[in-house]
Amino acid sequence: MRASAITRWGWVFAGICWANVWINAATPVLSQTGPGQFEIASLDASAAQRVREEAEAAWRWLALPLDLPTAGFTSPIFVRLIPAETWAEALPFRVEAEPGGVVSLRLRWSETTPVVDVRRALVQALLVRISVAAHGVNAHLVIPPWLQQACVEWWRIRAEPAQADALQQESAALAPPALEVVLHADRGGVESRQLQVGAVWLLAWLQAESGSMGDWALYRSRLLAGADPEVALAECFAGRFADALERELWWQTGWHHLRRARTQPQLGSVEARAALTDLARFVFTVGEADAVVPLRSILSRHAEPAVKAALAERSYELQRLLPALHPFYLNAGLALADCFAPTLKAQDFEAKVAAFEREWDEALDLETTARAALDQLVATRSK
């Protein structure tokens, strides 16, 4: 994807037209995932909520491989949901970058919009925003198709840990695609499953091979600046291979190592903390603005249809995550599951929330203590 050369006056005109359409139709609902992350606008409140949940998941699961800023970007990614009946383009979404650094995503929306389209759109918008933040808007802004596909697959197997094992089993029946083919995959071509699997294993392998100098971070930055992927790979991962033949052997070794690794799918402590934070955080539209509603308040209104549905959805998602939670956060996850239980009685709300808060504080303390100990060990060995 190359950044569109849109003038400021073009943006002003487009904004006026967009505003007029919405004013004539209805008042749009605005929803944010967090400062400097995503801002979703839609004429349908339920649609905005569904896309916001996907956007929150995108930030949660891709924060590690994409090194997303903890405090968010200087400006959010502006997402606009366009009713399918008014969508005139062939592709289901469009990501654009303004010379001033604003990144926007226009997404065709209906009740039947495939989740994969939403995820591809959000991933592409994130990659463009990262590139713009690092390099500005220029003619070399390119999003490698393999990286976008890899992020979508990474999201899927991290959000549903059991899928990681399924991916390993699937990979056993596939031959690793040539690295050159993966790196130069054509966005307009047919996405074979072999290339999709190859893309996510390549993303995992590059992170695993990244040294203390941040080889993967440097390579990712070079890719998003439009560098040749093979040349940049040789420069950023120096010492791994001497020529194209050794490079292919290095890659195929990585493929087979990752597909054979017999580790229980498990989230890291950072990912587990982020996942539970999102699950315990409820955002509801109050008037024309979003408001974060405390867990105690949510439970006290558990009989209301909207709250009941939200609790049931969170409970389902949490049950899928429990087997993969990091040991530091497992007890906190179990305590939160008690808060979401449909059989929870009103007189037990306070005790269950207090138990979750206690387990949460202990988990944070464990993570902080462990990180400090590891940092001290690294510092001692480097002397």
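The preceding data block contains the structure.
Since this is a predicted model, take the numbers as computed values, not measurements. Note that residues are indexed from 1 along each chain, following the sequence as it is written. Only residues with pLDDT of at least 70 get local features here, since the model is predicted, and only at 80 or more are side-chain atom pairs given and counted; chain-wide, interface and lining totals rely on the full set of residues. Neither water nor hydrogens contribute to the side-chain values; these are computed over all heavy atoms in the structure.

Peer 1: So what exactly am I meant to see when it comes to the nonpolar core here?
Peer 2: Soluble globular proteins tend to pack their nonpolar side chains together in the buried interior. Take the buried Ala, Val, Leu, Ile, Met, Phe, Trp, Tyr and Cys residues and link them wherever side-chain atoms come within 4.5 Å; each set so joined is a nonpolar core. Whether a residue is buried, partly exposed or exposed follows from its accessible area with a 1.4 Å probe, protein chains only, as a fraction of its type maximum: under 20%, in between, or over 50%, in that order. Membership of the largest hydrophobic core comes to 104 residues, with the highest contact counts inside it found for W146, Y219 and L336. If we ignore the near neighbours within four places in the chain, the residues touching L336 are L276, L279, A280, L295, L318 and F356. When checking whether two residues touch, look at their non-hydrogen atoms; a contact exists if any pair is within 4.5 Å.

Peer 1: Would you mind showing me how to read the packing of helix α5 (residues 162-172) against helix α10 (residues 244-260) here?
Peer 2: For any two helices packed against each other, one specifies the inter-axial angle together with the distance between the axes. Axis separation between α5 and α10 bottoms out at 8 Å; the angle between their running directions is 130°. One finds that α5 runs oblique with respect to α10. Of the two possible hands of crossing, α5 and α10 adopt the one that is left-handed. Within the contact between the two elements, α5 uses Q168, S171 and A172 and α10 uses W255, L258, R259 and R260. Only Asp, Glu, Lys and Arg are considered charged, only Ala, Val, Leu, Ile, Met, Phe, Trp, Tyr, Cys and Pro nonpolar, and every remaining residue, Gly among them, polar. When grouped by side-chain class, the residues that make up the contact of α5 with α10 number three nonpolar, two polar and two charged. To get an axis, a line is fitted to the C-alpha atoms, and for a helix only the part in contact is used. The angle between two axes follows their N-to-C directions and goes from 0 to 180 degrees. Here a strand is any run of E in DSSP of at least two residues, a helix any run of H or I of at least four, and the numbering for each starts at the N terminus. Should an angle fall under 35 degrees it is called roughly parallel, over 145 degrees roughly antiparallel, and 65 to 115 degrees roughly perpendicular, with every other angle called oblique. For any helix crossing, the convention is left-handed if the near helix is rotated counterclockwise from the far helix by under a right angle, and right-handed if that rotation is clockwise.

Peer 1: Could you clarify how one ought to interpret the pattern of salt bridges in this entry?
Peer 2: Should their charged atoms come close, side chains of opposite charge can pair. Think of a salt bridge as a Lys or Arg side-chain nitrogen and an Asp or Glu carboxyl oxygen that are within 4 Å of each other. Evaluation of the coordinates by the stated rule reveals 22 salt bridges. Here R158 makes a salt bridge to E271, at a shortest N to O gap of 2.4 Å. Taken together, the positions of R158 in helix α4 (residues 145-159) and E271 in helix α11 (residues 269-280) put the pair 113 residues apart, joining distant regions of the chain. Per residue, the accessibility class of R158 equals that of E271, and both read buried. A salt bridge links R240 to E209, with the nearest nitrogen and oxygen atoms 3.7 Å apart. Here R240 is found in the loop between α9 (229-236) and α10, whereas its partner E209 is found in helix α7 (residues 193-209), with 31 residues between them in sequence. Look at E209 and you get partly exposed, because its relative accessible area is 22%.

Peer 1: Explanation requested: helix α8 (residues 215-224) in the structure shown.
Peer 2: Side chains that are three or four residues apart share a direction in an α-helix, a result of its 3.6 residues per turn. Burial in α8 covers these residues: D215, W216, Y219, R220, L223 and L224. Buried residues along α8 cover an arc of 155° about the axis, so they all sit on one side. On its buried face, α8 sits against α2 (45-66), α3 (115-135), α4, α6 (179-183), α7 and α9. Two residues or fewer after α8 comes G226, characterised by a positive phi angle close to 95°. Think of it as the arc spanned by the lines of direction from the helix axis to the C-beta atoms.

Peer 1: Please clarify how the sheet that holds strand β3 (residues 77-83) should be interpreted in this entry.
Peer 2: The pairing of strands in a sheet comes from backbone hydrogen bonds and takes either a parallel or an antiparallel form. One bridge is not enough; two strands pair if DSSP finds at least two bridges between them. Judged by pairing direction, the sheet is mixed, and its five strands sit side by side in the order β1-β2-β3-β5-β4 without closing on themselves. Taken across any chain shown, the strands that pair with only one partner, and hence form the sheet edges, are β1 (29-32) and β4 (93-97). Geometrically, the sheet is characterised by an average inter-axis angle of 20° between neighbouring strands, direction not taken into account. In this sheet, strand β5 (residues 103-109) lies alongside β3 in parallel orientation, the contact comprising six bridges. Within β5, the position partnered with I82 by the bridge is R108. Sitting on the sheet, α2 is in contact with β1, β2 (38-42), β3 and β5, with an inclination near 160° to β2.

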